[in-house]
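The primary structure of each chain is shown beneath.
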Protein chains: 2
Amino acid sequence: MAKRKPTQYVYAFGNQTDGGAELRNTLGGKGANLAEMARIGLPVPPGFTLVTDVCNYYYDNDRQYPPSLEGDVAKAMRAIENQLDKRFGDPVNPLLLSVRSGARESMPGMMDTILNLGLNDETVEGLAEATANPRFAYDCYRRFIHMYADVVMGVNDENADPFEHVLEAKKRAEGVELDSDLSAEGLAAVIDEFKSIVRNHTGEDFPQDVGAQLWGAIGAVFGSWLNDRAVLYRQRYGIPRSWGTAVNVQAMVFGNLGETSGTGVAFTRDPATGEKVLYGEYLVNAQGEDVVAGVRTPNPIAQMVDDLPKSHAELEKVRTKLERHFRDMQDFEFTVENGKLFMLQTRNGKRTGLAAVRIAVEMNRERLIDRKTALMKIPAESIDSLLVPVFDHKAVAGATPIATGLPAGPGAASGEIAFTSDRAEELTRKGKSVVLCRTETSPDDLKGMLNSAGILTSRGGVSSHAALVARQLGKVCVCGAASVVINYDDGTLNAGDAVLKEGDWISIDGSTGEIFAGPIETTASEVQRVLRGRLKPEKSYHYQLYATVMSWSDALRRVKIRTNADTPSMAKQAIEYGAESIGLCRTEHMFFEETRIDHMREMILAPDETARRAALKKLLPYQRRDFKGLFQAMGGKPVTIRLLDPPLHEFLPHDDGVSAALAEKLGVPVADVLERTESLAEVNPMLGCRGCRLGIMYPEITEMQARAIFEAAIAASSGKNAVVVLPEIMVPLVGFVAELEDQVAIVRRVADEVMSKKGVTIEYQVGTMIEVPRAAITADEIAEVAEFFSFGTNDLTQMTLGLSRDDMGSFYDQYVAKEIYGANPFASIDESGVGRLVSHAARLGRSTRQGIKLGICGEHGGDPSSIRFCQETDLDYVSCSPPRVPVARLAAAQAAISLG
Amino acid sequence: MAKRKPTQYVYAFGNQTDGGAELRNTLGGKGANLAEMARIGLPVPPGFTLVTDVCNYYYDNDRQYPPSLEGDVAKAMRAIENQLDKRFGDPVNPLLLSVRSGARESMPGMMDTILNLGLNDETVEGLAEATANPRFAYDCYRRFIHMYADVVMGVNDENADPFEHVLEAKKRAEGVELDSDLSAEGLAAVIDEFKSIVRNHTGEDFPQDVGAQLWGAIGAVFGSWLNDRAVLYRQRYGIPRSWGTAVNVQAMVFGNLGETSGTGVAFTRDPATGEKVLYGEYLVNAQGEDVVAGVRTPNPIAQMVDDLPKSHAELEKVRTKLERHFRDMQDFEFTVENGKLFMLQTRNGKRTGLAAVRIAVEMNRERLIDRKTALMKIPAESIDSLLVPVFDHKAVAGATPIATGLPAGPGAASGEIAFTSDRAEELTRKGKSVVLCRTETSPDDLKGMLNSAGILTSRGGVSSHAALVARQLGKVCVCGAASVVINYDDGTLNAGDAVLKEGDWISIDGSTGEIFAGPIETTASEVQRVLRGRLKPEKSYHYQLYATVMSWSDALRRVKIRTNADTPSMAKQAIEYGAESIGLCRTEHMFFEETRIDHMREMILAPDETARRAALKKLLPYQRRDFKGLFQAMGGKPVTIRLLDPPLHEFLPHDDGVSAALAEKLGVPVADVLERTESLAEVNPMLGCRGCRLGIMYPEITEMQARAIFEAAIAASSGKNAVVVLPEIMVPLVGFVAELEDQVAIVRRVADEVMSKKGVTIEYQVGTMIEVPRAAITADEIAEVAEFFSFGTNDLTQMTLGLSRDDMGSFYDQYVAKEIYGANPFASIDESGVGRLVSHAARLGRSTRQGIKLGICGEHGGDPSSIRFCQETDLDYVSCSPPRVPVARLAAAQAAISLG
């Protein structure tokens, strides 16, 4: 493929601004928005951006830069120097820089920032003189050496930061508590020691050449694009490697020049609740890193009214300007230098699901955005946060919190304490509910966070790593619970009098910040209570938000939403959530209850057809009753019933004791039971005797199921509570049209028999699952018989990828690490493989039977990106589990909007 | 699809002939050739054919005939009556008819023939008077009732034929031995009893209305198209149901009018050896059925020179005329009625593989056919019969035959005796070699014949069912061994003094007819001995035939023939058979030998990468040596080496004792071995951690294999016996191009390392198996990295069909019976499913990489119909097991010829 030749590698911002928000792909998110803010007149320190194409060039050319780059950078540097009347590396009036990464999407896994670049043994003296503040200058220099040595030169130690060690010793020696209390002399000594550390670790001196510093920092940003955490993050969020990162070089401004300086992070609305207030935190006399690092706990932004009143008033205006301009909630960084406000970054703010919904709906009310835009701004999964359980009122009423932190991820979670990611993963694998408890979290904890129901930290604010990631993952989170002390060595968590150990239960409320010892029962959310008629709609603002989003979605979406439900109660829940019909009823789930399973086993163990028929006759009434219940629950809505699918051995006991009991119950020798069980064992059950193969081997099973369906349909559609019944009978695992013909013939014959006996006509359809690749390949032939297709993308994925979901665990982690799978193919449909097959089959099916009804069932049916694929392929419906229905409704609307 | 409206349902032959051989699809084989013989002036009794479209009409319209049919048949009947001056149903001068089925291909599973139709209580008297032979007339009538009642009215009993019972009783009563010795009165009484049997069995009288008889017989022929045996036969030979059968109605001629009459079956050349002599057998004073039924053992045709000299001379002329006209060996039926020869049928004769080869080559020498035609006349599998083992000379020299029969299927077989099909199948399933021993065989025995190495019958000639089917199946067969007495009740086989029981060993030589008690070792055939240099080519006519066919094939074929060989000895055998290179070397087969398996297990049980590398280092020298041997054996020919493929648990012991021994050998606790074994167990190993997934998990395995390959390549290509080495490294189970990229990077890195260390450059390619459906679907992406594709159609079939070969046994029989699979998809490629995918992938692959090398490996590579598919898809090569190479060479030539 020919690659577009970039015309410009360096874009300036400041007095003269080259780019803007529309160049996000080129400049990265940070660079584009810095340029945009400069354009709209917000106070941005001047700088320039190395574009993302430089990153690609760098990796495509063995880590070399484009030849013209050096000249372009020099030119851009001169523009900054001229604007500020400072010179980079000038011993008298030095220009200092920040160097930051900036990908198209914010990526916490990457190198973030180097501050104070341009300081060396000479320029630090110039800075001291220019600011008349040697303490400040030395503080900047020691910070710079520390950051640069860590990030660029790789001087770091996970367990014991050698720089911190020196700093702590010096603070002890001077008898002070805070870094900012150290004397200039102390800091000068620290600087010397820092330089020694660098020399000892790397064998080289800390670079005094400011040009070398700059290019070292730029190289570190590009290098971080391929570090492990960045790779893992891209994997999880489906960000292609080819996007690359940009690098932003910007003149420094200082929040640590004294009590009229400060720095902070703020949101234009509350990112947890969505409420329309300026929200955030700041520190006086500090640099940006101090706020996010969680070392000093920052002050809530409201307090600025007292500390820095003029800047606070300015911020309120900035807030309005930003929202008017970007038409989304913004998360921005600012610094106040000697009373003057500077904007260092703005971006669309991460938010909880609840906030996403509220902000979108309210921004529409405020006429900032239209309905379609509003819907597109709500990650479809967010709607879940209105439905997640909360603590049971009564249970929590009796409980006293052992501590309270910041509410950073809504919902309630109760689980066993894990202090490490590995432990969290281990417990989750055992089926336990887990709450990950950390002093603070880092990108290394991502795996643990994914494996936990909730996250608790004792340090860090609402913009800390823990809060940020929990919000994205939709996890319950309480952060910055200062009274909680976690001791990893002892494996204990102390809060007041409570001492909890790893494995003990803890409960956290991400909406209030409360922390409880022991398990607490969770209960339905406000929205759920309204849906179940236990709360009046007008009493719940959450419900109104939910209902608004759902009604907008339903008006805009084209894909129908069905549900996978096997029982009347599941069907009822799905209807509450807005399901339009049942897309998959797995009849085998009806066979597992106590008395039925015995009849089922009797059927399987039957020595011949006669005995099998006798056992089936006992199962018939159960199936009929279940189907009738389903039809009644879904009155008037179609119900797709899949014929028996799993291999028969799944129904047999796999325990000698149970086998013996079964043998006794059935009055057969236990050896017979064991022998039959063994004879049914398969090498690859996924590819064995299951699906329609069962019905072809034992037509009497299909007959019984068809009879149950039609007898139930007639019963449900007559009498006092008659409903319209629309059964759609689905034959599973078809690969050859002849298989379908065989089963369809049985179904139609039984239908005719039952209907003519009762003198009632039921409209019905017979179709098939498309889950064997051959069925997709020959969909034109299959559509000659099938009246509908339901793509069973779970099995279709397993077979198309040659990938057993049960067995992929052994190598899946490696595959994720090596970025072989774009996303988990069982979570999101593998568009370029399975997806191609689905579109192909859809085309073939329609070529034979115009307007054939097409849908998907299985887990992909509730996945937004898969739903988008379904809309793109023009499928008629998706079918998902009942709790996923609201997500699917919204995702379907988004797909319709974005595909036009 | 619009069906062609048939313009003519009934075609006459005789004085006026409507059709001919070119209308085979319409008239069926029998009808077309009767018409053709009539056309070229051979003496054919007049008649007519109901075309195959009537059969389709019949099944498409609920077993109704086209409305015009009755009138057409009446008209055709009048033509016969006028030609012969006889009337159907006329009590004085009755016309009698035969009614026979006749599909496009001869189908032994169907109803064959009803003779003497038109006889009833009145016409039998007319016949008696017209022939002045009441005994003959009654004999005809009793035969007709018997046949008609059995075939049309369903009066039959597998175990005890009630009609035979009456006949035997009458013969005892009259004190005669043969049916033909019964008196007219005796026969009249038999007829009465026969009619009673019909009445008792069916509740109806035997039909006296000759019209009803005719339509009954016609309906029975059409009905037999869907009987079980016909379905099974079509399944085995891939004959579509839609072809339908024709029905031939023809005036009777009588071979049973006395000593100047007779009937016989002959071949224009010997169907066992191919020798150019009139070959066959006949009976004086008999009807056709007597010859094939095996009840009376017929005389060899040469004897006709004495019995019916004029007819014999006529037959010699007919023989030449038939071959000149049909340009193929003919199998024909004739009847001599009072000295006058009539031809009742001709068709291309079934023949042994040897005969097929010999006839084709000799007919080309005789300028009857050109080379292409000659090759097309040899079923590709036939070439095998020149290669099949024969009895070891020494072993058989010491053995005395216990009996001798007719040599009816070449080769030697030794196995356990089975008297029934079920038993044969059971023994075969246990891995035993089986010889099926029957008094005579019927279509019901097909399953048993398929499951046996050899077939022995005590009755019936070389045209008996057993001989015919064995020849088609390529089975060793000795038939008509009259001194062998089989007693099903006792379960014994007596021959002279020998008494053998079921399960005892027996050995038969299908080329000599000899039968031996006990097992006899088999040995290489003449051709094999020449190939191995143990016999001079000029000493073996068989070898000359073989070499002729192979050289013609090689000149015409376009598909290259590679072989699947894992060892130098397999490679050597394949080269003898004409393989051009190795298409698949399965490296894992090198790991199973004694010392290696321990290192392999050590590698698998290694707790970490270091230990794994240590174990791999021990395996390296073995692999290197094996590869070097292969490269040397294939000097100058490419060798495709597949990287490790099977799941690791396949290498571990599955027995506690062996596990304990292994643990001791490796010096680890047995619990570790058991735990690792258990942790490697998979639910669906086919879709688990295998193929390239292993190399991605453990890159050091791929490294070791690549190192072994390149070190071996360098060693083999240098020094005294240097050969050109062309390694092609193949990555298995690729589904995502990223998997291939990962493995290719390792291979290329190691290649560079090894080559630069040794200072030698080896040309090599890296490609992939296309065996996961996703790989086929994304072949365009994969071809960006792969330099060749080898379609692994075994696994591709398993995954595309969702069908585990190991588990299909439980339902496969039902699938065959219900005609769901056109053919076993693991024997012949499923063209409309897997085949579509392969062509699609070939197209995609070529779209990315023009001229990419494409082939298939796996069992389909040696299957003629799959080879044809490969030619059609324009693949470069097929790769098959060494013994299949000659078949593949011929099949490839046939594909090239037929596809033009």
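This is a predicted model, so every value here is computed, not measured. (Residues numbered from 1 in each chain as written. Chains lettered and ligands numbered in written order. Predicted model: local features only at pLDDT ≥ 70, side-chain atom pairs only at ≥ 80, totals over all residues. Heavy atoms only, no water.)

## Section: the pattern of salt bridges
Considering all chains together, one arrives at 118 salt bridges over all chains under this definition. Close ionic contact of Arg-884 of chain A with Asp-384 of chain A constitutes a salt bridge, the shortest N to O distance being 3.5 Å. Of this pair, Arg-884 of chain A sits in the loop between β33 (877–880) and α35 (885–899) while Asp-384 of chain A sits in the loop between α14 (371–376) and β13 (390–391), and the two are 500 residues apart along the sequence. For Glu-426 of chain B, the salt bridge goes to Lys-430 of chain B, with nearest N and O atoms at 3.8 Å. Classification of Lys-430 of chain B as exposed rests on a relative accessible area of 56%. When salt bridges with common partners are traced through the structure, they connect Arg-135, Asp-139, Arg-142, Arg-143, Glu-168, Lys-171 and Asp-179 of chain A into a single cluster. (Salt bridge = Lys/Arg side-chain N within 4 Å of Asp/Glu carboxyl O. Helix = DSSP H or I, 4+ residues; strand = E, 2+ residues; numbered from the N terminus. Buried < 20%, exposed > 50% of the residue type's maximum accessible area, 1.4 Å probe, protein only.)

## Considerations on the relation of the copies chain B and chain A
With an axial shift of 0.0 Å and an RMSD of 0.2 Å, the rotation relating chain B to chain A amounts to 180°. Expressed as an axis order, the relation between the two copies is that of a two-fold axis. It is Asn-684 of chain B whose C-alpha, among those of chain B, lies nearest the rotation axis, at 2.2 Å. (Least-squares fit on C-alpha atoms with pLDDT ≥ 70 in both.)

## Notes on the side chain of Asn-120 of chain B
You can see Asn-120 of chain B is positioned in the loop between β6 (113–117) and α4 (123–131). In contact with Asn-120 of chain B, other than residues within four places in its own chain, are Tyr-141, Gln-208, Val-210 and Gln-213 of chain B. (Contact = heavy atoms within 4.5 Å.)

## As for the packing of aromatic side chains
By the definition in use, this model includes 42 aromatic pairs over all chains. Judged by centre distance (5.5 Å) and plane angle (35°), the ring pair of Tyr-58 of chain B and Phe-222 of chain B falls under tilted. Of this pair, Tyr-58 of chain B sits in helix α2 (residues 52–60) while Phe-222 of chain B sits in helix α8 (residues 210–224), and the two are 164 residues apart along the sequence. Neither Tyr-58 of chain B nor Phe-222 of chain B differs from the other in exposure class; each is buried. These aromatic residues form a ring-pair network of at least three members: Tyr-58, Tyr-59, Tyr-65, Trp-215 and Phe-222 of chain A. Between the NZ or CZ atom of Arg-234 of chain A and the centre of the ring of Trp-225 of chain A, over which it lies, the distance is 4.2 Å. (Phe/Tyr/Trp six-rings, centres within 6.5 Å; stacked < 30°, edge-to-face > 60°. Lys NZ or Arg CZ within 6 Å of the ring centre and 35° of its normal.)

## Examining the interface of chain B and chain A
Taken together, the 47 residues of chain B in the interface contact 46 residues of chain A. Surface buried jointly by chain B and chain A totals about 4200 Å² across both partners, of which 57% is contributed by carbon and sulfur atoms. Applying the counting criterion to the chain B and chain A interface returns eight salt bridges. We note a salt bridge from Asp-830 of chain B to Arg-774 of chain A, for which the minimum N-O separation is 2.6 Å. Among the secondary structure elements, those contributing two or more residues to the side of chain B that touches chain A are α26 (692–697), α28 (737–758), α29 (773–777), α30 (779–782), α31 (793–801), α32 (809–817) and α33 (831–848) of chain B. Broken down by element, the side of chain B that touches chain A gets its largest block of residues, five residues, from α33 of chain B. Split by residue class, the side of chain B that touches chain A holds 23 nonpolar, eleven polar and 13 charged. (Buried area = accessible area lost by both parts, 1.4 Å probe. Nonpolar A, V, L, I, M, F, W, Y, C, P; charged D, E, K, R; others polar.)

In short, geometric facts, not functional conclusions.
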